[in-house]
Amino acid sequence: MSKAFASKADMTAKKTTFERLSEHGWAYTAEGDPNSGVIIGDDGVMVVDATATPVMAQDLIANIRKVTDKPIKYVVLSHYHAVRVLGASAYKAEQIIASKPTYELIVERGKEDWQSEYERFPRLFQNADSVPGLTWPTMVFEKNMTVHMGKLEVNLMQIGPGHTRGDTIAWLPSEGTLFSGDLVEYNAGIYTGDAQLEEWPDTLDKLRALKPTSLVPGRGPALKNAADSIKAIDFTQNFVRQLLACAKEGVAAGKDLKQVYADTRARLDPVYGSFPIYEHCMPFDVSRAYDEASGIKNPRIWTAERDMEMWNSIA
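Small disclaimer: the values here were computed from a predicted structure and weren't measured. Residue positions are counted from 1 within each chain, in the order its sequence is given. Only residues with pLDDT of at least 70 are given local features in this predicted model, and only at 80 or more are side-chain atom pairs given and counted; all residues enter the totals for whole chains, interfaces and linings. Only hydrogens and water are removed before side-chain values are computed, so all heavy atoms of the structure are retained for them.

Quick look at the sheet that holds strand S4 (residues 45-48)
Stage number 1. The strand order S1-S2-S3-S4-S5-S6-S7 describes an open sheet built from 7 strands, whose pairing is mixed. Among the strands making up the open sheet, the edge pair consists of strand S1 (17-20) and strand S7 (139-141). Here the average twist between neighbouring strands, direction ignored, is 20°.
Stage number 2. The pairing criterion is simple: DSSP has to find at least two bridges between the two strands. Secondary structure elements are taken from DSSP: a helix is a run of H or I of four residues or more, a strand is a run of E of two residues or more, and numbering for both begins at the N terminus. For strand S3 (residues 33-40) and S4, the ladder comprises 4 bridges, and the chain directions are antiparallel. Paired with Ile-40 across the bridge in S4 is Val-45.
Stage number 3. In this analysis, two residues are considered to be in contact whenever any of their non-hydrogen atoms come within 4.5 Å of each other. Interaxial angles span 0 to 180 degrees and are taken between N-to-C directions of axes, which are lines fitted to C-alpha atoms, for helices over the stretch in contact. Across the sheet, helix H3 (residues 100-120) is in contact with strand S6 (95-99) and S7; its angle to S6 comes to roughly 95°.

So, the pattern of salt bridges
Stage number 1. Throughout this description, the term salt bridge denotes a Lys or Arg side-chain nitrogen within 4 Å of a carboxyl oxygen of Asp or Glu. Going through the model one piece at a time under the given rule, you end up with 19 salt bridges.
Stage number 2. A salt bridge links Asp-182 to Arg-84; its shortest N-O distance comes to 2.5 Å. In this pair, Asp-182 sits in strand S11 (residues 177-185) while Arg-84 sits in helix H2 (residues 82-85), placing the two residues 98 residues apart along the sequence.
Stage number 3. In this structure, Glu-198 engages Lys-248 in a salt bridge whose closest nitrogen and oxygen atoms are separated by 2.9 Å. Of this pair, Glu-198 sits in the loop between S11 and helix H4 (200-209) while Lys-248 sits in helix H5 (residues 226-252), and the two are 50 residues apart along the sequence.

Quick word on the sheet that holds S11
Hydrogen bonds between backbone groups are what pair the strands of a sheet, and the pairing can be parallel or antiparallel.
Stage number 1. Across the sheet, which stays open at both edges, the 5 strands sit in the order S8-S9-S10-S11-S12 with mixed pairing between neighbours. At either margin of the open sheet sits one strand with a lone partner, and together these are strand S8 (144-149) and strand S12 (214-219). Between one strand and the next, the sheet's axes are offset by a mean angle of 25°, whatever the strand orientation.
Stage number 2. In terms of strand pairing, strand S10 (residues 169-172) meets S11 through 3 bridges, oriented antiparallel. Across the sheet, Leu-172 pairs through a bridge with Thr-177, a residue of S11.
Stage number 3. Each of S10 and S11 touches H4; the most contacted strand, S11, lies at about 165° to it.
Stage number 4. Along the sheet face, H5 touches S11 and S12 and points at about 20° away from the line of S11.

Examining the side chain of Arg-265
Stage number 1. Within the fold, Arg-265 resides in helix H6 (residues 257-272).
Stage number 2. Here's how the labels work: a residue is buried when its accessible area is under 20% of the maximum for its type, exposed when over 50%, partly exposed in between, all with a 1.4 Å probe on protein chains only. Classification of Arg-265 as buried rests on a relative accessible area of 11%.
Stage number 3. Within 3.5 Å is the distance limit for a polar contact, defined as a pair of N or O atoms, with the added protein rule that one can donate a hydrogen and the other accept it, and that residues adjacent in sequence qualify only through two side-chain atoms. A polar side-chain atom of Arg-265 sits 2.8 Å from a polar atom in the side chain of Tyr-261.
Stage number 4. Once residues lying within four places of it in the same chain are set aside, the contact partners of Arg-265 are Pro-270, Tyr-278, Glu-279 and Met-282.

Quick look at unusual backbone geometry
Stage number 1. The phi angle at Asp-49 is positive, at roughly 80°, despite the residue not being glycine.
Stage number 2. By relative accessible area, which is 3% here, Asp-49 ends up buried.
Stage number 3. Residues other than glycine seldom take positive phi values, yet Lys-211 does so here, at roughly 55°.
Stage number 4. Along the chain, Lys-211 turns up in the loop between H4 and S12.

Quick look at the nonpolar core
Stage number 1. Here, the term nonpolar core denotes a set of buried Ala, Val, Leu, Ile, Met, Phe, Trp, Tyr and Cys residues that are joined through side-chain atoms within 4.5 Å. Tyr-91 and Leu-207 are the most contacted members of the largest nonpolar core, which totals 75 residues.
Stage number 2. Not counting residues within four places of it along the chain, the set of residues in contact with Leu-207 comprises Ile-159, Ile-169, Leu-178, Ser-180, Leu-183, Val-184, Pro-212 and Ile-233.
Stage number 3. Val-76, Val-154, Ala-170 and Leu-172 belong to the second largest nonpolar core, which has 20 residues in total.

So this is what it looks like as structure tokens:
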């Protein structure tokens, strides 16, 4: 192949930022790498997305300890992807919380996803040998769950499929602060390799209806006001719609994956091509869009072997 598979060659470290967005909400962002959210309640701390390894989680824990000594009681998994969940053991939390579909996806494909993600993008898994195994939720909910952290109410909601079929958001209704997980990705490449593309825009409409005044996306900068929060939702929604439209047009015309990939890149590169990890995401994005446009509703499991087959097919 003329270039390294996926992001194997991307070894440049990203600067992390820990900043306060509201009275109880904080954002841990990393220049297009995976973000985490932190909620500091009256009696403890909730972390939304755990980082990829226990060693990597130590930096987030150190930032939390700069502002509070309250115990980390909860880790919320916004979805099942390895880069979000495998660091959970570092927090020694009382509960690891996930939606029922996320639990089911861990059972169905967690092991395969771990191997696939690690081989695609090794920089995101620093000290991978510190991972003790798959992260299993200790508390599973369906649709909605409210956690009371003293007087602070945190709503955990699975409002619809999108980035995966199990996406969970954390919402602080008293402050208008939204932790979206990868349902929203902003000023970064948007990964859709395991997505429900047809439903995702409708799910984003539900996020918009919450009228967030600050937002921690799965990737990209934290949004500190209502206008920017809506702009980030729009950014993701527009990309998803265009991606699926390109695939539908190609499939209807009888084109193969390689042709659809080239056509999609020609249309989307001018708008999105400069953003971090766009190059990494697009082969997986177009492959999933091509599948969905071809009638494959449930995303096929990515394995290290399938990754390479896909990569070679579009080269």
